[in-house]
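Residue-level structural notes
Here are the chains, one letter per residue:
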Amino acid sequence: MKENMGSCSNAVSMVFMACLVMNSLVFVAYGGDFYQDFDLTWGDRRGKIFNGGKLLSLSLDRVSGSGFQSKKEYLFGRIDMQLKLVAGNSAGTVTAYYLSSQGPTHDEIDFEFLGNLSGDPYILHTNVFTQGKGDREQQFYLWFDPTRNFHTYSIIWKPQHIIFLVDNIPIRVFKNAESIGVPFPKSQPMRIYSSLWNADDWATRGGLVKTDWTKAPFTAYYRNFNANACVWSGTASSCGRTNSVSDGAWETNGLDAPGRRRLRWVQKYFMIYNYCTDLKRFPQGVPPECKRRF
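These lines cover the structure that appears in this document, whether it is placed above or below. The structure displayed is predicted, hence computed values, not measured ones. (Residues numbered from 1 in each chain as written. Predicted model: local features only at pLDDT ≥ 70, side-chain atom pairs only at ≥ 80, totals over all residues. Heavy atoms only, no water.)

**Considerations on unusual backbone geometry**
That bond from Ala216 to Pro217 is cis: its omega, 0 degrees, falls within 30 degrees of zero. Tracing the sequence through the fold places Pro217 in the loop between strand 13 (191-198) and strand 14 (218-232). In this model, Asn51 sits at a positive phi of 55 degrees, which is unusual for a non-glycine residue. As for its placement among the helices and strands, Asn51 is situated in the loop between strand 2 (47-50) and strand 3 (55-60). (Helix = DSSP H or I, 4+ residues; strand = E, 2+ residues; numbered from the N terminus.)

What follows is the structure in structure tokens.
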């Protein structure tokens, strides 16, 4: 999406409530070995794996950004990654972390972190592509500074739904609406990708704020990858879990009552754009999945 599509006042008074919610959760630190699980795919050594495979960094300078992808493909499961985003003046930069298949009719599940001027919040941009078509954006401010510490960003992908989570708090649910003619990603295996790149033609305030290259290199950090997921083996998938923590958690039927309350809280206080309410963008009517109450 080539512009920032919404704005609202970030409810500072809700940060205290955020702390209470987060403190009520149980977090598990995952392992993962970046040497075993990922390939650095571009950036000419601007991507690095170190600390015995436990830490990965991507960097961006005026010449190039960088990126990596998973060695394995997955078909359904839960994917967790901890990120610490570019600190300081990150305007113009985008850190993308997503699942994607290949080809013109690809499926994709996106987290994109749109950088901003120092002191202004990052925008977390989410999207779902099915059969090559996206345009299902929701955007959020976060209730913490994502550059000070690592935070966990998770995707639960099931035949019934896709759930986006931040520190185990659900922020978005995209449900399977094939019954009303909406395609859903369920047959194409996807790899995990991440990249750090310059998008100052659109990423910050619609391109009004450009990247300050005197602050380069810009660097994001990754750790504690975990895939509790089915690994694609060419013709079929097998539930090959890389870590047995939370065994079966992604197989549950959906959000429980506390999860639904957290979802409503995030969407009430931190959502700044929802394609389902953008009537100017869809003058002939919003997409059919937006009209359905699940």
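**Here we look at the pattern of salt bridges**
All told, the structure shown has eight salt bridges when counted by the stated rule. Measuring nitrogen to oxygen at the nearest pair gives 2.9 Å for the salt bridge that ties Arg46 to Asp61. A residue pair is termed long-range when its members are at least 10 positions apart, and Arg46 in the loop between strand 1 (38-42) and strand 2 and Asp61 in the loop between strand 3 and strand 4 (66-70) qualify at 15 residues. Classification of Arg46 as buried rests on a relative accessible area of 16%. In this structure, Asp120 engages Arg205 in a salt bridge whose closest nitrogen and oxygen atoms are separated by 2.8 Å. Remark: Arg205 occurs in the loop between strand 13 and strand 14 and Asp120 occurs in the loop between strand 7 (108-114) and strand 8 (123-129); sequence separation between them is 85 residues. Linked by salt bridges that have partners in common, Asp135, Glu137 and Arg281 make up one network. (Salt bridge = Lys/Arg side-chain N within 4 Å of Asp/Glu carboxyl O. Buried < 20%, exposed > 50% of the residue type's maximum accessible area, 1.4 Å probe, protein only.)

**A short note on the packing of aromatic side chains**
The tally for this structure, following the rule as stated, stands at 19 aromatic pairs. Consider the rings of Phe111 and Phe164, whose centres lie 5.4 Å apart with planes at 85 degrees: the pair is edge-to-face. Of this pair, Phe111 sits in strand 7 while Phe164 sits in strand 11 (residues 161-166), placing them 53 residues apart in sequence. There is no split in this pair, since Phe111 and Phe164 are both buried. Between Trp143 and Phe144 the ring centres are 5.6 Å apart and the planes differ by 90 degrees, which places this aromatic pair in the edge-to-face class. In this structure Phe144 comes out as buried when scored by relative accessible area, which is 16%. A connected cluster of aromatic rings, assembled from ring pairs, spans Phe34, Phe38, Phe68, Tyr222 and Phe225. Across from the ring centre of Tyr221, 5.8 Å away, lies the NZ or CZ of Lys84, which sits over that ring. (Phe/Tyr/Trp six-rings, centres within 6.5 Å; stacked < 30°, edge-to-face > 60°. Lys NZ or Arg CZ within 6 Å of the ring centre and 35° of its normal.)

**Overview of the sheet that holds strand 4**
Taken in spatial order, the eight strands make up an open sheet running 1-4-13-6-7-8-9-16, and their pairing is antiparallel. One side of each edge strand has no neighbouring strand; the edge strands of this open sheet are strand 1 and strand 16 (271-274). Each strand axis lies, on average, 15 degrees off the axis of its neighbour in the sheet, ignoring direction. Relative to strand 13, strand 4 runs antiparallel, the two being bridged by four bridges. Following the sheet pairing, Gly67 is matched in strand 13 by Ser195. (Pairing = 2+ DSSP bridges. Axes fitted to C-alpha atoms, helices over the stretch in contact; angles between N-to-C directions.)

**Describing the environment of Phe129**
Along the polypeptide, Phe129 turns up in strand 8. Separated by 54 residues in sequence, Phe129 and Pro183 place their C-alpha atoms 9.3 Å apart. Ignoring anything within four residues of it in the chain, the contact list for Phe129 reads His106, Asp107, Glu108, Asp110, Gly134, Arg136 and Pro185. (Contact = heavy atoms within 4.5 Å.)

**What about the state of the cysteines?**
A disulfide bridge is the covalent bond that connects two cysteines by way of their sulfur atoms. Scanning all chains against the criterion turns up one disulfide. Between the sulfur atoms of Cys276 and its disulfide mate Cys290 the distance is 1.9 Å. What sets the handedness of the Cys276 and Cys290 disulfide is the S-S torsion sign, and at about -70 degrees it is left-handed. Remark: Cys290 occurs in helix 4 (residues 288-291) and Cys276 occurs in the loop between strand 16 and helix 4; sequence separation between them is 14 residues. (Disulfide = S-S within 2.5 Å.)

**What about the pairing of strand 3?**
Buried residues dominate strand 3, accounting for six of its six residues. In strand 3, alternate side chains face the same way, and those of Leu55, Ser57 and Ser59 on one face and Leu56, Leu58 and Leu60 on the other are all buried. Across four bridges, strand 2 lies against strand 3 in antiparallel orientation. Counted as the bridge partner of Ile49 is Leu56 from strand 3. The turn linking strand 2 back onto strand 3 is made up of four residues, and Asn51 within it adopts a positive phi angle of 55 degrees. Pairing between strand 3 and strand 14: six bridges, direction antiparallel. For Leu58, the partnering residue across the bridge sits in strand 14 and is Ala220.

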